[in-house]
Amino acid sequence: MPDSANFPLGAQITLDELAGDVHPVLHRLRAAEPVSWLPALNAWLVTRHDLAIAVMRDAKTYTVDHPGFSTAQVVGPSMLSLDGAEHVRQRRPFEAPFRRTAVHNRFRQSVAQHISKLLDELVPKGEAELRREFAGPVAVKTMMTALGLDDVVETAVLGWYDTIVQAVTQVTAGEPVSAEGRAAFAALRQTLLPSLRRNPEANLLAAASGMAQGLSDEEIVSNAAVLLFGGIETTEGMIANALYFLLTNPAWLKRVQADATLLPAVIEETLRLEPAAGVVDRYAAQDTRLANAEIAAGDLVRVSLSGANRDSAVFPEPDRFNPLRPNLREHVAFAQGPHVCLGLHLARLEAQLAVQQVLVRLPEVQLQPSEMAIAVAKPRGLVFRKPEALWVRW
Ligand code: HEM
């Protein structure tokens, strides 16, 4: 274990600070210890933009293929838990159906319909909690359509989802895979298998399956589970965070209402300020040196995407909400390198349609003016960062 005396700032940082208003902490770390040892995480934390990218691009030195990653123990090996040739083999069949044009052709209409139905129910109410009543359901319904699960009861999918997430958390804490976790994955697997056999036009899984030279059904199902998990919590957070920044920057809210062409830049700026996945994890495959740190083989290296995205060397006045930045796309909310988010075009499409429809259908939308509503709206979380709740009225 590294000597904490070499990283005095990292030594003081608590989990509460990392899960709460983390940005001042990340600024201090980046300036003094851009790669720091944090005893609270039992891991290195990388906060500089250039170093974050160097780690994510170098899968030989910083790998995801490590028993410390518990997802693979519950849903089997997938693109998320492999590197090198095996990663390429598992990811490749999914790449074509997730390209921008393919995603827009396949999903624009169905996602817009899901959003429109949800808003039909909300509009007459006059108030709502937009994270659970809107952002979450948009993400769930989209992924169910993507995987060919439209006919399955949503609560069943969400039940398996919760149980599998719980099983992964228990494995991370050193416990064996629970019987409930196994049963939930078996049920999900049984439900997904028929999707694979459908016509490639029917769903993404069938499309990937058609191109899955050499991928077994088991492998496709494991990757489908990763898609489901990769596509729900993060997208819910992405949409909720985008709404949060617009609701707390009313001048921009009005501007986007007047000119929808500004929306893509607004969404990118909200991804920069608060990436829904704030951290990605790697294990050092060998002893190595990164900036000021001597990293030993086997150490956990956590890349702070939240930190990289507010590096003033890349983004001047990094804490300011400014969708007119010329280099917005240099944010790393979707990671970089071989594991760059596969779903980024779908996620952007969902967020753009969702926010646009909210602004059109709820033109007077505003945060509930109570102190409590304002406090819980601020994104927080150690890994997944989003509002605890987004209470609004219109
Ligand atoms: C439609 C929604 C989404 C789907 C289907 C999806 C799917 C995936 C998949 C399959 C991977 C693993 C790729 C690989 O290991 O080769 C991945 C990685 C990633 N995704 Fe997404 N994702 C979605 C939305 C999002 C959103 C909204 C965010 C954040 C704003 C996000 C952030 C990331 C990050 C940071 C990684 C890299 C993980 C790592 O390097 O360890 N994703 N995504």
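No experiment lies behind these values; they were computed from the predicted model shown.

Draft legend 1. Highlighting helix H6 (residues 84-95). Between its terminal C-alpha atoms H6 stretches 16 Å, which fits the 16 Å expected from 12 residues at 1.5 Å a residue. Turning to H6, the residues buried within the fold contact helix H11 (204-210) and helix H12 (217-247).

Draft legend 2. Expanded view of the layout of surface pockets. The calculated volume of the second largest pocket comes to roughly 220 Å³. If you go around the second largest pocket, you meet 14 residues; those closest to its centre are Val-140, Leu-158, Tyr-161, Ile-232 and Glu-236. Those elements giving two or more residues to the lining of the second largest pocket turn out to be helix H8 (130-146), helix H9 (154-172) and H12. Its residues assigned to classes, the lining of the second largest pocket comprises 6 nonpolar, 1 polar and 7 charged.

Draft legend 3. Structural view of the site of the ligand. Around the ligand, a shell composed of 27 residues is seen, among which His-87, Arg-91, Arg-282, His-339 and Cys-341 lie nearest. At 2.8 Å from an oxygen atom of the ligand is found a side-chain nitrogen or oxygen belonging to Arg-91. Contact between the ligand and His-339: an oxygen atom at 2.7 Å from a side-chain N or O atom of the residue. Elements with a minimum of two residues in the shell around the ligand: H6, H12, strand E5 (279-284) and helix H16 (344-361). Among the elements that line the shell around the ligand, the one with the most residues is H12, at 6 residues. Tallied by class, residues from the shell around the ligand come to 17 nonpolar, 7 polar and 3 charged.

Draft legend 4. Representation of the coordination of the iron atom of the ligand. A lone protein donor contacts the iron atom of the ligand, and this donor is Cys-341 (SG), found at 2.3 Å. Positionally, Cys-341 belongs in the loop between helix H15 (305-308) and H16.

Draft legend 5. Structural context of the environment of Glu-350. Mapped onto the elements, Glu-350 comes out in helix H16. With 235 residues separating them along the chain, Glu-350 and Ile-115 place their C-alpha atoms 8.8 Å apart. Ignoring any residue separated from it by four or fewer positions in sequence, one finds Glu-350 in contact with Val-111, Ile-115, Val-138, Ala-139, Thr-142, Thr-235 and Ile-239.

Draft legend 6. The arrangement of the packing of H9 against H12 in detail. Closest axis-to-axis distance for the H9/H12 pair is 11 Å, and the angle between their directions is 95 degrees. Judged on the interaxial angle alone, H12 and H9 are roughly perpendicular. On the side of H9, the interface is formed by Val-157, Tyr-161, Ile-164 and Val-165, while H12 contributes Leu-228, Phe-229, Ile-232 and Glu-233.

Cut-off values and rules
- Residues numbered from 1 in each chain as written.
- Predicted model: local features only at pLDDT ≥ 70, side-chain atom pairs only at ≥ 80, totals over all residues.
- Heavy atoms only, no water.
- Helix = DSSP H or I, 4+ residues; strand = E, 2+ residues; numbered from the N terminus.
- Expected span 1.5 Å × (residues − 1).
- Contact = heavy atoms within 4.5 Å.
- 1 Å grid on protein atoms, 1.4 Å probe; cavity = no way out; pocket = protein on both sides within 12 Å on 5 of 7 lines; lining within 4 Å.
- Points joined across faces, edges and corners; volume = space filled by probe spheres on them.
- Nonpolar A, V, L, I, M, F, W, Y, C, P; charged D, E, K, R; others polar.
- Near = heavy atom within 4 Å.
- Polar contact = N/O pair within 3.5 Å; in protein donor to acceptor, adjacent residues only side chain to side chain.
- Donors = N, O, S within 2.8 Å, 3.2 Å for Na, K, Ca; no water.
- Axes fitted to C-alpha atoms, helices over the stretch in contact; angles between N-to-C directions.
- Parallel < 35°, antiparallel > 145°, perpendicular 65-115°, else oblique.

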